[in-house]
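Here's the letter readout for the chains.
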Amino acid sequence: MNHLLEIRNLQVELKTELGPVYPVQGADLIVRRGETLCLVGESGCGKSLTMMSVMGLLPPGSRIQADRFHLEGETLLTLDEHAYRKLRGPVIGMIFQDAMAAFNPVLRIGDQLAEPLRVHKGFSRKAAWVRAVEWLDRVGIVEPEKRARFYPHEFSGGMLQRAMIAMALITEPDLVIADEPTTALDVSVQAEILDLLRSLLSERQAGLVMITHDLGVVAEMADRVTVMYAGRTIEEASGAEFFARLSHPYSRGLMACTPNWRAGAVPVTPIPGLPPALTAVQTGCAFRFRCAEAMVICAEKPEITEVAAGHRVACWLNRKPDVLAAAVRGVDEEGAMDVDD
Amino acid sequence: MKRYIIQRLLYAFITIWFVATATFFAMHWVPGDPLSGEKAVSPEIFANLQAHYGLDKPLLEQYFIYMGNLLRGDLGVSFTQQNRLVNDIIGEHFVISATMGIVALFMAFFGALIFATIATVYRGRLPDRLTMVAVLISVSVPGFVFAALAQLAIVQINQWRGEQWLPVAGWGTLAHVWAPALMLGLGTMAYLTRLMRGSLIDIDSQPYLLAARARGLPPWRCFVRYQLRNALLPALSVMGPTITSITTGGFVVEQVFAIPGLGRYFIQAVAQLDYTVIMGTTVFYGAFLVLVVLVFDLLYGWADPRIRVSRALA
């Protein structure tokens, strides 16, 4: 089966003044055509960096490696910058969190929308402008001819986010990456934007990766869910399966700190502590320091394994009793031995 | 917009009036007068001269006569230069100062553009550090020191080549322009380089630049349209003060390179208390700078849509 995007065991190395850091060390995810993947986790868990490596836009001096890093069956690892640039826009589009900051303040909205069409698709200035106006109309901007001549500061936040969706989709990409597209917006506008995004993408069977930490949005949008912690994928499942069987203590923790206003709901419980620093060397399960269910065995790194069809978890709690028993015996006897499946 | 321009022109007029008035009284307050020279003159001739130039009248009356003439655009006659009209002096010699100033400004602006780009591209590495050291030296050492050093260098090069590669001083041909203009623009170039480098580096981490790259725009397009264009705005906003400093810097450079620009006449006039030339050049430079600043403020508004009058209010 050909996935639109398939990432297996992605490692990202960033160059810093203090030496290399490894903010992503084992990201796994899959996006299929027409599906929405929600990438979940606290800030600093490597979600954005994972997606920036898909865009090929990591800071200079960064290095990535992976077992699989494929877009429509082709590896992205060996692409040179010139070939990569042709993917950005026509094949992979990106929607940013802060729309106001993602537009150049001194260029007209219409010109910024039209630009990728001229660069990638050879549109004339006029044809590109006409298409930009069409797209502004399609994302629900009233009086698009007039508004296309506006500058970003003349748009409201919600309008800018709509314009940004138009800007990402105007080159008709197959994969769209949305980095917290609604966190900067009013709650009332959030739902409209999400609906818009979903309807525009389902028209064209494009895949969507949505980076978010709002489980409400996940429940609303996700065909698949991938949870990352400390640069690693710790749980992935289909949307329905994920909420039916939250299998990693971290996923349950995220759920417990999502407000629920239904009558009789339990109060919000935060997860104690913070995610580990990126410079920290990870041994074992990175979550064990904050985990209420941590065991001795958690000092060993749990491999990510399937607990149900399409549902994979990296946690000792989800291992079959015999595997766990064997592993525990190993720990007892030798302290820190490698554990294989 | 029209109202804004009219308002600014009114302020400009008031500023120029104030400059003229302050200069007039300050100048007359200075002991001495333009008619007492080294040659002994009999009291009768002196009185005749005073009457001829109107210096025997009460100061306030002289002031009103001068202001009346000024409004009609008549700047009077020089006391020291064989009855030349001040209007003619300014007309002939300002062209020279302006030519040098414009060349200096262009050199400063485009030099800054190039050096700031180099410094940004090679940030933290040798080209950047060299540029920043050069910037530091150029903003801290006064322009006339560089002017004299440049002359020395030109003499050395001419000797070494055994021919007149560049003239050391004087005015007349295109070759006379380069050295003084470069020396005049150097401080400004350094200042603008530092300013543009700062903006370029700041924009490096702006999301809109990342967003432009995420749309697959080619690197040069990202740089020119999203980075450089925005980085020019702060430089444009200091153009008024920049032109002021190039204009006043010109006075000194003209002296060093023996260029017959207006600055030299201004300095001579002050030394000789040539009342009409002092007034004429001061009012002229004052008006020139006030208008240049106004023009660049309007240009800045055109270049940066954010400070234009809002569409909703217009």
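Residues numbered from 1 in each chain as written. Chains lettered and ligands numbered in written order. Predicted model: local features only at pLDDT ≥ 70, side-chain atom pairs only at ≥ 80, totals over all residues.

### Structural notes on the overall build of chain B
In step 1: Counting its secondary structure elements, chain B contains 12 helices and 0 strands.
In step 2: In terms of overall dimensions, chain B has C-alpha extents of about 85 × 65 × 30 Å along its principal axes.
In step 3: Expressed as a percentage of its 314 residues, the buried residues of chain B come to 31%. (Helix = DSSP H or I, 4+ residues; strand = E, 2+ residues; numbered from the N terminus. Buried ≥ 20, exposed ≤ 12 C-beta atoms within 10 Å, placed from the backbone.)

### Digging into the sheet that holds strand E13 (residues 311-313) of chain A
Residue and element names in this part refer to chain A.
In step 1: Overall, mixed pairing links the 8 strands, which are arranged E7-E8-E9-E3-E10-E11-E13-E12 in an open sheet. With one partner strand each, in any of the chains shown, strand E7 (92-95) and strand E12 (305-308) form the two edges of the open sheet. When the angles between neighbouring strand axes are averaged without regard to direction, this sheet yields 25°.
In step 2: Of the pairings in the sheet, the one linking strand E11 (residues 232-238) to E13 comprises 2 bridges and is antiparallel in character. Note that in E13 the partner of glutamate 236 across the bridge is arginine 312.
In step 3: In this fold helix H1 (residues 47-55) packs onto strand E3 (36-40), E7, strand E8 (175-179), strand E9 (207-212) and strand E10 (224-229), with an angle of close to 145° to the strand it touches most, E8.
In step 4: Across the face of the sheet, helix H7 (residues 157-169) comes into contact with E7 and E8 while running at roughly 170° to E7. (Pairing = 2+ DSSP bridges. Axes fitted to C-alpha atoms, helices over the stretch in contact; angles between N-to-C directions. Contact = placed C-beta atoms within 7 Å.)

### Overview of the interface of chain B and chain A
Interfaces are often described in size by the accessible area the parts lose on coming together.
In step 1: Contact residues are listed per partner, giving 18 residues for chain B and 22 residues for chain A.
In step 2: Counting residues per element, the ones that place at least two in the side of chain B that touches chain A are helix H8 (207-214) and helix H9 (219-237) of chain B.
In step 3: Broken down by class, the residue content of the side of chain B that touches chain A amounts to 9 nonpolar, 3 polar and 6 charged. (Nonpolar A, V, L, I, M, F, W, Y, C, P; charged D, E, K, R; others polar.)

### So, the pairing of E11 of chain A
Residue and element names in this part refer to chain A.
In step 1: Taken across its 7 residues, E11 has 6 buried, putting it largely inside the fold.
In step 2: Strand direction decides the pairing type here: E10 and E11, joined by 6 bridges, are antiparallel. The residue of E11 that forms the bridge with tyrosine 229 is arginine 232.

### Some words on H8 of chain B
In step 1: For H8 of chain B, the buried fraction is high: 6 of the 8 residues fall into the buried class.
In step 2: Listing the buried residues of H8 of chain B in full gives Tyr208, Leu210, Ala211, Ala212, Arg213 and Ala214 of chain B.
In step 3: Contacts made by the buried residues of H8 of chain B are with H1, E7 and helix H3 (99-102) of chain A together with H9 of chain B.
In step 4: Directly after H8 of chain B, the chain includes glycine 216 of chain B, whose backbone phi takes a positive value near 75°.

### As for the environment of cysteine 285 of chain A
Residue and element names in this part refer to chain A.
In step 1: Mapped onto the fold, cysteine 285 is located in the loop between helix H11 (249-256) and E12.
In step 2: Judged by local crowding, cysteine 285 falls into the buried class, with 26 C-beta atoms found within 10 Å.
In step 3: C-alpha separation for the pair cysteine 285 and proline 302, spaced 17 residues apart in sequence, amounts to 6.4 Å.
In step 4: Setting aside residues up to four positions removed in sequence, cysteine 285 forms contacts with Cys298, Lys301 and Pro302.

### As for the packing of helix H4 (residues 86-121) of chain B against helix H7 (residues 175-204) of chain B
Residue and element names in this part refer to chain B.
In step 1: Orientation of H4 relative to H7, taken along the N-to-C sense of each, is 35°, at an axis distance of 6 Å. With respect to the hand of their crossing, H4 and H7 are arranged in right-handed fashion.
In step 2: Here the residues of the contact of H4 with H7 sort into 22 nonpolar, 6 polar and 1 charged. (Left-handed = near helix turned anticlockwise from the far one by under 90°.)

### Let's talk about the packing of helix H1 (residues 2-29) of chain B against helix H12 (residues 275-303) of chain B
Residue and element names in this part refer to chain B.
In step 1: One way to put it is that H1 packs onto H12 with a least axis distance of 9 Å and a crossing angle of 155°. Looking at the two axes, H1 sits roughly antiparallel to H12. Relative to H12, the crossing made by H1 is right-handed. Between H1, through Arg8, Ala12, Thr15, Ile16, Val19, Ala20, Thr23, Phe24 and Met27, and H12, the contact on the second element is made entirely by Tyr275, Ile278, Met279, Thr282, Val283, Gly286, Ala287, Val290, Leu291 and Leu294.
In step 2: Of the residues in the contact of H1 with H12, the class split is 14 nonpolar, 4 polar and 1 charged. (Parallel < 35°, antiparallel > 145°, perpendicular 65-115°, else oblique.)

### A few points about the environment of threonine 50 of chain A
All names here are of chain A.
In step 1: Within the fold, threonine 50 resides in helix H1.
In step 2: Overall, threonine 50 belongs to the buried group, with 27 C-beta atoms counted inside 10 Å.
In step 3: For threonine 50 and asparagine 9, which are 41 residues apart along the polypeptide, the C-alpha to C-alpha distance reads 11 Å.
In step 4: Every residue in contact with threonine 50, bar those within four places of it in the chain, is listed here: Leu10, Val24 and Ala27.

### A few points about the nonpolar core
It is characteristic of soluble globular proteins that their nonpolar side chains tend to be buried jointly.
In step 1: Ranked by size, the top nonpolar core spans 105 residues in total, and within it Ala132, Ala163, Met164, Ala166, Val176 and Ile177 of chain A carry the most contacts.
In step 2: Considering each element in turn, this core owes the most residues, 9 residues, to H7 of chain A.
In step 3: What alanine 163 of chain A contacts, discounting residues up to four positions off in sequence, is Ile109, Leu136, Val139, Ile141 and Phe155 of chain A.
In step 4: Ranked by size, the runner-up nonpolar core spans 35 residues in total, among them Phe146, Ala150, Ala179 and Ala235 of chain B. (Core = buried A, V, L, I, M, F, W, Y, C linked by C-beta atoms within 7 Å.)

### Considering the pairing of strand E2 (residues 19-31) of chain A
Residue and element names in this part refer to chain A.
In step 1: The pairing of strand E1 (residues 5-16) with E2 spans 9 bridges and is antiparallel. Bridged to threonine 16 within E2 is glycine 19.
In step 2: Hairpin connection between E1 and E2: a loop of 2 residues separates the two successive antiparallel strands.

### Some words on H12 of chain B
In step 1: Here H12 of chain B contains 29 residues, and its C-alpha end-to-end distance of 42 Å stays within 8% of the 42 Å for a straight helix at 1.5 Å per residue.
In step 2: Close packing links the buried residues of H12 of chain B with H1, helix H3 (59-71), H4, helix H10 (239-256) and helix H11 (262-272) of chain B. (Expected span 1.5 Å × (residues − 1).)

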